[in-house]
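One-letter residues, chain by chain:
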Amino acid sequence: MQTYQTDVVVIGAGAIGSAIARELSKYDVDVMLIEKNEDVGGDASKSNSATIVSGYDAPNGSLEAKLSVASNAMFDQVTKELDVHFRRIGAIQVAFTDEDVKVLEANKKKAIANGVFDVEILSGEKVREMEPMLSKDIKAGLLIPKESLVDVFEYMTALVENAVDNGVRLMTSTKALEIRKDGGKVRSVLTDKGEIFAEYVINAAALYCDELAETVGKCYFRNYPRKGEFFVLDKQLPYAPDHIIVPIPTPLTRGKLVTPSIEGNLLIGPTAVNQEDKEDKSTTKEGLDSILHDIRKMLPQVDPRDSVTQFAGLRPARDPAEWSIKAFDDLKGYIEVNGITQGVSVSLATGVYVRELLEEQGLKLKRKDDYNPYRKSIKKFRECSEEEQEALVKQDRRYGNIICRCETVTEAEIVEAIRRGAHSVDAIKRRLRAGMGRCQGGFCGPRVVEILSRELGIQPEQVCKNEKGSEMLTGKNKP
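Calculation criteria
- Residues numbered from 1 in each chain as written.
- Predicted model: local features only at pLDDT ≥ 70, side-chain atom pairs only at ≥ 80, totals over all residues.
- Heavy atoms only, no water.
- Helix = DSSP H or I, 4+ residues; strand = E, 2+ residues; numbered from the N terminus.
- Rg over C-alpha atoms; globule rule 2.2 N^0.38 Å.
- Buried < 20%, exposed > 50% of the residue type's maximum accessible area, 1.4 Å probe, protein only.
- Contact = heavy atoms within 4.5 Å.
- Areas by Shrake-Rupley, 256 points an atom, 1.4 Å probe, with all protein chains shown as cover.
- Patch = residues over 30% accessible without salt bridge, like charges linked within 9 Å, V, L, I, M, F, W, Y side chains within 5 Å.
- Salt bridge = Lys/Arg side-chain N within 4 Å of Asp/Glu carboxyl O.
- Lys, Arg positive; Asp, Glu negative; His and termini not counted.
- Charge placed at Lys NZ, Arg CZ, Asp CG, Glu CD.
- Pairing = 2+ DSSP bridges.
- Polar contact = N/O pair within 3.5 Å; in protein donor to acceptor, adjacent residues only side chain to side chain.
- 1 Å grid on protein atoms, 1.4 Å probe; cavity = no way out; pocket = protein on both sides within 12 Å on 5 of 7 lines; lining within 4 Å.
- Points joined across faces, edges and corners; volume = space filled by probe spheres on them.
- Nonpolar A, V, L, I, M, F, W, Y, C, P; charged D, E, K, R; others polar.
- Core = buried A, V, L, I, M, F, W, Y, C linked by side-chain atoms within 4.5 Å.

(A) Structural view of the overall build of the protein chain. What the protein chain contains, in helices and strands, is 12 helices and 24 strands. Rg of the C-alpha trace for the protein chain: 23 Å, near the compact-globule value of 23 Å for 479 residues, within the 12% margin. In terms of its C-alpha atoms, the protein chain occupies a principal-axis envelope of roughly 65 × 65 × 45 Å. Put simply, the protein chain has 479 residues, and 57% of those count as buried. Look at the contacts in the protein chain between residues 6 or more apart in sequence, and 72% of them connect residues 24 or more apart. For the protein chain, the exposed surface amounts to about 21000 Å²; the carbon and sulfur share of it is 49%.

Structure representation (structure tokens):
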């Protein structure tokens, strides 16, 4: 069996695990980040609405409130460092009844108690002045300016790229099977790629956190999946709002949102359905119909014919429900990160929170003199001026070869993404949007497979959509 030695193992390269790894990469400590999937981004983190919450409605005095408010304030600087798209467009929570208006008033008080001072109650007329396409039945709204958007795929990729540039070792397609202990301290993590010996283990495995916690006798909770279905609608829709539109929340969720995305699509959803199957990401007619029903109350013009695609993600719910980030007196070196329902939003502050816990556990952290916080994104041809595009083509003719027409993605960009670690069709899609447009890969799909095959030195039949077993081709149909 292959063995490895490190100081800290972070299990799970979703938003939280990736942010923890980047935070630790600032210090002179050896860190390994492992992810069961073939690419970074986890499961839950890459299947959300890509909004960054402000903490306005978090329970006062809670860990959720503390991390939400702190993390929100960190995004401006970190996204500049990582060259990631981030926009503060604000949200409006809408009310239809007198009871709903009372909820807005309570949320305003809650927001101010949480340190989110710039919220404001709006009349129904003011809401419609700001967003003319919203329902005439809206009686009032709560404006929350700090609610924001991030390119969530680029964000998580950037966290890991920067962490790796600063010395973190990344192992993808590596499933943690067991956390092993020796008396009252952790000893190692057994994976399907070998055993990793470490002084500290951070269990940020989301849906699978309980299964790993059980291996060290710390499973006093249960994780189960909460399915969230979404519609992705087309760009430049005449009824698309400028703000995130938020309903009155339900006991399970913030409700179904209307979210203008960074790239211009409109995202509507999600549902919130508890289930037992941790792998079932299927969409359902009932779920999608419920999205249209609820969203049309706020935005009556929404039309499913504008849909580009639909998808479902699984969020890690917890029983008992609790945000839990803690170390244990009787098991030195083990840190649990569990029950976080806003993982992308609170990831940056969680990285710092976990760093502090590690220091309390005895990890010596000396700041690196050569730490580099900066990372440059792949140059996007579609974002360049005509002059810049001409210069790029002169520099590298592959910029002149448009592979994805819907999203204007070039061969040069795909080759760069492969060089940075994108080794599947979905990995290319997440980094560059090739296949996310109207035709959903109908035109560019075969060409992406060809480029992956060529650049990785493998047969086309070996190119996968994502995991092994998802090969795109079965063989030639002509001699």
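(B) Broad picture of a negative patch on the surface. A cluster of like negative charges, contributed by Glu 386, Glu 387, Glu 388 and Glu 390, occupies part of the molecular surface. Along the chain, the position of Glu 388 falls in helix H9 (residues 386–395).

(C) Quick peek at the sheet that holds strand E9 (residues 148–150). Within the open sheet, the 3 strands sit side by side as E4-E9-E5. Their pairing is antiparallel. Each edge of the open sheet is held by one strand with a lone partner, namely strand E4 (51–52) and strand E5 (86–87). The pairing of E4 with E9 spans 2 bridges and is classified as antiparallel. Of the residues in E9, the one forming a bridge with Thr 51 is Leu 149.

(D) Expanded view of the pattern of salt bridges. Applying the stated rule across the entire model yields 44 salt bridges. One salt bridge connects Arg 22 with Glu 81, and the closest N-O pair in it is separated by 2.9 Å. In this pair, Arg 22 sits in helix H1 (residues 15–24) while Glu 81 sits in helix H2 (residues 63–82), placing the two residues 59 residues apart along the sequence. Judged by its relative accessible area of 4%, Arg 22 is buried. Classification of Glu 81 as buried rests on a relative accessible area of 13%. As a salt-bridge pair, Arg 454 and Glu 411 come within 2.8 Å of each other at their nearest N and O atoms. In this pair, Arg 454 is assigned in helix H12 (residues 445–456) and Glu 411 in helix H10 (residues 411–419), connecting sequence segments 43 residues apart. For Glu 411, a relative accessible area of 10% gives the class buried.

(E) Examining the side chain of Ser 188 more closely. Within the secondary structure layout, Ser 188 lies in strand E12 (residues 185–191). The class for Ser 188 is buried, based on a relative accessible area of 0%. A distance of 2.6 Å separates a polar atom in the side chain of Ser 188 from a polar atom in the side chain of Glu 195. Excluding its chain neighbours within four sequence positions, the residues that come into contact with Ser 188 are Glu 178, Ile 179, Arg 180, Glu 195, Ile 196, Phe 197 and Ala 198.

(F) Structural detail: the pairing of strand E17 (residues 257–260). Where burial is concerned, the two faces of E17 agree: the one with Leu 257 and Thr 259 and the one with Val 258 and Pro 260 are both buried. When E17 meets strand E18 (residues 265–269), the two strands line up antiparallel, connected through 4 bridges. Bridging from a neighbouring strand, Thr 259 pairs with Leu 267 of E18. With antiparallel pairing between neighbouring strands as the criterion, E17 and E18 make up a hairpin whose turn holds 4 residues, including Gly 264 at a positive phi of roughly 105°.

(G) Fine view of unusual backbone geometry. That bond from Gly 269 to Pro 270 is cis: its omega, 5°, falls within 30 degrees of zero. Between Asp 319 and Pro 320 the backbone carries a cis peptide bond, its omega angle lying at 0°. Within the secondary structure, Pro 320 is located in the loop between strand E20 (307–319) and strand E21 (324–328). Positive phi values are uncommon outside glycine, yet Gln 440 reaches one of about 50°. Structurally, the position occupied by Gln 440 is in the loop between helix H11 (425–432) and H12.

(H) The arrangement of empty space enclosed by the protein in detail. By the definition in use, this model includes 3 cavities of 30 Å³ or more. Taken as a whole, the largest cavity encloses approximately 50 Å³ of empty space. The wall of the largest cavity is formed by Glu 154, Thr 157, Glu 161, Arg 375, Ile 378, Lys 380, Arg 420 and Arg 431. No other element matches the 3 residues that helix H5 (residues 152–165) contributes to the lining of the largest cavity. For the lining of the largest cavity, the per-class residue count stands at 1 nonpolar, 1 polar and 6 charged.

(I) Representation of the nonpolar core. Counting 32 residues, the largest nonpolar core has Val 8, Ile 20, Ile 202, Ile 325, Val 337, Val 354 and Leu 358 as its most contacted members. Mapped by element, the contributors of at least two residues to this core are strand E2 (8–11), H1, strand E3 (31–34), H2, H5, strand E14 (200–203), strand E22 (331–338) and helix H8 (343–360). With 5 residues, the top contributor of residues to this core is H8. Look past the residues within four positions of Val 354 in its chain and what remains in contact with it is Ile 20, Ile 202, Ile 325, Ile 335 and Val 337. Counting residues in hydrophobic clusters, the runner-up holds 24 residues, among them Met 32, Val 216, Phe 328 and Tyr 334.

(J) The environment of Thr 283, seen in detail. With respect to the helices, strands and loops of the structure, Thr 283 is situated in the loop between strand E19 (273–274) and helix H7 (285–298). Note: C-alpha distance between Thr 283 and Arg 367 (84 residues apart in sequence) is 46 Å. Residues within four places of Thr 283 in sequence aside, it is in contact with Glu 229, Leu 288, Gln 310, Phe 311 and Ala 312.

(K) A look at the environment of Thr 341. One can find Thr 341 in the loop between E22 and H8. A relative accessible area of 46% means that Thr 341 is categorised as partly exposed. Within the local environment of Thr 341, its side chain forms a polar contact with the side chain of Trp 323, the two groups lying 3.5 Å apart.

(L) Layout of the side chain of Thr 410. Position of Thr 410 relative to the elements: it lies in strand E24 (residues 409–410). Note on Thr 410: relative accessible area 0%, which makes it buried. Those residues in contact with Thr 410, other than ones at most four positions away along the chain, are Phe 381, Arg 398, Tyr 399, Asn 401, Ile 402 and Ile 403.

None of this, on its own, says anything about what the molecule does.
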